[in-house]
Amino acid sequence: AAMPPRRLLNVLREAAEERALGVNPPYHNLKELPDGPVGEDGLQIQILRSHHRVVEVQAELSYCAEPHMTTRLQSGDLVLVALVDTSRTLRYLHGHPVALAGWETEKAFFSHLHRKGATDKDVLHFDLFFPFLQAWSAFRRVCARL
């Protein structure tokens, strides 16, 4: 199946942007943490598992990260969770980000929320994902003690 020309151009643009960013270290501690299901509204909670994905979402949401955030992401102390509109994939391979939240792993709560174009109803997706992240955080703490 051929890719529509506009989609192909966007995929090529994204590849060029990723090459320009350089090395893309994955956050290995997040490999086993799955994304949320896609809702009837096309919105999905996605875990940002690599430096490039974090940069992409931050740029789209006009969000400036704290300088120490990369170290916290690599250690697993912080997990960035994006609310993504999966129905809008022409420009973005993974969907169009509409909100971003930081999950504090040890404290088991969202420390901040930044949104652009997301309604209060949309942001409820974070609340629905909250119990899953709490369970993952608890499991991570137990494993760290072993």
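Conventions and cut-offs
Within every chain, residues take consecutive numbers counted from 1 along the sequence as written. The model is predicted, so local features are restricted to residues of pLDDT at least 70 and side-chain atom pairs to those at 80 or more, both for listing and for counting; the totals for chains, interfaces and linings are taken over all residues. To obtain the side-chain values, all non-hydrogen atoms of the structure were used and water was disregarded. In short, DSSP must find at least two bridges between two strands for them to pair. Numbering of helices and strands runs from the N terminus; a helix is a DSSP stretch of H or I covering at least four residues, while a strand is a stretch of E covering at least two. Axis angles are defined between N-to-C directions and span 0 to 180 degrees, where every axis is a line fitted to C-alpha atoms and, for a helix, only to the segment in contact. Just to be clear on terms, a salt bridge is a Lys or Arg side-chain nitrogen sitting within 4 Å of an Asp or Glu carboxyl oxygen. Buried means the residue's accessible area, taken with a 1.4 Å probe over protein chains only, is under 20% of the maximum for its type, while exposed means over 50%, and partly exposed covers the values in between.

## Comments concerning the sheet that holds strand E1 (residues 43–47)
Argument step 1. If you trace the four strands from one edge of the open sheet to the other, you get E1-E2-E3-E4, paired in antiparallel fashion. Every interior strand has two partners, whereas the edge strands, E1 and strand E4 (109–115), have only one. On average, each strand axis in the sheet is tilted by 25° relative to the strand beside it, whichever way the strands run.
Argument step 2. Direction of pairing for strand E2 (residues 78–85) relative to strand E3 (residues 96–104): antiparallel, over a ladder of eight bridges. Bridge pairing links Asp 85 to His 96 in E3.

## So, the pattern of salt bridges
Argument step 1. Under the definition given, this model contains five salt bridges.
Argument step 2. Across the salt bridge formed by Glu 104 and Arg 72, the nearest N and O atoms sit 2.4 Å from each other. One end of the pair, Glu 104, is in strand E3; the other, Arg 72, is in helix H3 (residues 69–75), with 32 residues separating them in the sequence.
Argument step 3. By relative accessible area, which is 10% here, Glu 104 ends up buried.
Argument step 4. A salt bridge links Glu 106 to Arg 140; the shortest N-O distance between them is 3.3 Å. Of this pair, Glu 106 sits in the loop between E3 and E4 while Arg 140 is found in helix H4 (residues 120–145), placing the two residues 34 residues apart along the sequence.

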